[in-house]
Amino acid sequence: MLGRAIGGLLDRAVLLVGTALGACVPGFVVQYRQRVGGRLDQVELDLAPFREIAGRQHGGSLDALIRHHLESTDSTFHAEGQAIQAMVDAEAGLRATMEALHGSVLQQLLYLIPHHDRGIVRATWDSWVPSINLEASSIVVALVLGVLLWLLFLALWHGTARVLEGLSRPRTPQRSRRT
């Protein structure tokens, strides 16, 4: 009797807390997207002088400027070419991520689960301020995540109860069948 009452209270608490935590996920995604946008802005600023040089000296081709650096026998100049190429690659990756993060909250989550950047996740988490977005899709995400956590809790709760119940039953010896 007491176990059912405690289970009922825990049941509702898990659903409520799970939904509240689920409601914070879209806010985390927004802050992740803002951090990606900031990094994209920075790499564009860092590449701007090289684009100007490419415009003046290589017919506007940043690839030609990079090739010029990479083909140099001067090791410092060659290393600069590698650094510029790394920035160009980072810019392309960040731009692709920003494009993928312009869909619905569900699309963003489905993209981020397999394609997240651990460094950006860590940096976002370190400065994350929990927030709740009241858009319809965010509310749906909150409810779905809350219900999933609740169902997991129910499975664990009832599974544990069955195991404990089985352990506490006295074992009766089985009679052998004679034919």
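Everything in this summary refers to the structure shown in the same document. Just so we're clear, the structure is a prediction, and the values are computed from it rather than from any experiment.

What follows covers the overall build of the protein chain. Assigned secondary structure in the protein chain consists of 6 helices and 0 strands. Ordered by position from N to C terminus, the α and β elements of the protein chain give α-α-α-α-α-α. Expected size for 179 residues packed as a compact globule is a radius of gyration near 16 Å; at 28 Å, the protein chain overshoots this value by more than 25%. Burial analysis of the protein chain (179 residues in total) assigns 27% to the buried set. A sequence separation of at least 24 residues applies to 75% of the contacts in the protein chain between residues at least 6 apart. Carbon and sulfur atoms provide 62% of the accessible area of the protein chain, an area that totals close to 12700 Å². Taking the average location of the 17 positive side-chain charges in the protein chain and that of its 16 negative ones, the two points are 27 Å from each other.

Position of L152 among the secondary structure elements: in helix α6 (residues 136–168). Taking the C-alpha atoms as reference, L152 lies 9.7 Å from V14; in sequence the two are 138 residues apart.

A word on helix α4 (residues 105–115). Looking only at α4, the buried set comprises V105, Q108, L109, Y111 and L112. End-on, the buried residues of α4 take up no more than an arc of 165°, which puts them together on one face. Away from the buried face of α4 by more than 90 degrees, exposed residues L110, I113 and P114 are located.

Moving on: the nonpolar core. One finds L47, L62 and I84 to be the most contacted residues of the largest nonpolar core, which totals 22 residues. Those elements that place two or more of their residues in this core are α1 (2–57), α2 (62–70), α3 (75–100) and α4. Of all the elements, α1 adds the most residues to this core, at 7 residues. I84 has contacts with L47, F50, L62, I66 and H69, leaving out every residue within four places of it along the chain.

This brings us to the side chain of Q108. The topology assignment puts Q108 in helix α4. Those residues in contact with Q108 that sit more than four places away from it in its chain are V29, R33, A100, L101 and G103.

Right, let's get into the pattern of salt bridges. For the structure shown, the criterion picks out 3 salt bridges. The closest approach of N and O atoms between E44 and R95, which form a salt bridge, is 2.7 Å. Placement of the pair is E44 in helix α1 and R95 in helix α3, with a sequence separation of 51 residues. Taking relative accessible area as the criterion, R95 reaches 33% and is therefore assigned partly exposed. The partner of E91 in a salt bridge is R51, and the shortest N-O contact between them spans 2.7 Å. Here the residue E91 occupies a position in helix α3, and R51 occupies one in helix α1, the gap between them amounting to 40 residues. Using a relative accessible area of 36% as the deciding quantity, one classes R51 as partly exposed. When salt bridges that share partners are traced, they join E44, R51, E91 and R95 into one network.

Bringing the side chain of H69 into the picture now. Along the chain, H69 falls in helix α2. Look at H69 and you get buried, because its relative accessible area is 5%. With sequence-adjacent residues up to four places away left out, H69 is seen in contact with F77, H78, E80, G81 and I84.

A few words on α3. In this model, α3 (26 residues) spans 37 Å end to end at C-alpha, consistent with the 38 Å of a helix rising 1.5 Å per residue. Buried residues of α3: G81, I84, M87, V88, E91, L94, T97 and M98, and no others. Where α3 begins, the side chain of D74 points an oxygen toward the backbone nitrogen of T76, at a separation of 2.9 Å.

Conventions adopted
- Residues numbered from 1 in each chain as written.
- Predicted model: local features only at pLDDT ≥ 70, side-chain atom pairs only at ≥ 80, totals over all residues.
- Heavy atoms only, no water.
- Helix = DSSP H or I, 4+ residues; strand = E, 2+ residues; numbered from the N terminus.
- Rg over C-alpha atoms; globule rule 2.2 N^0.38 Å.
- Buried < 20%, exposed > 50% of the residue type's maximum accessible area, 1.4 Å probe, protein only.
- Contact = heavy atoms within 4.5 Å.
- Areas by Shrake-Rupley, 256 points an atom, 1.4 Å probe, with all protein chains shown as cover.
- Lys, Arg positive; Asp, Glu negative; His and termini not counted.
- Charge placed at Lys NZ, Arg CZ, Asp CG, Glu CD.
- Arc of directions from axis to C-beta.
- Core = buried A, V, L, I, M, F, W, Y, C linked by side-chain atoms within 4.5 Å.
- Salt bridge = Lys/Arg side-chain N within 4 Å of Asp/Glu carboxyl O.
- Expected span 1.5 Å × (residues − 1).
- Polar contact = N/O pair within 3.5 Å; in protein donor to acceptor, adjacent residues only side chain to side chain.

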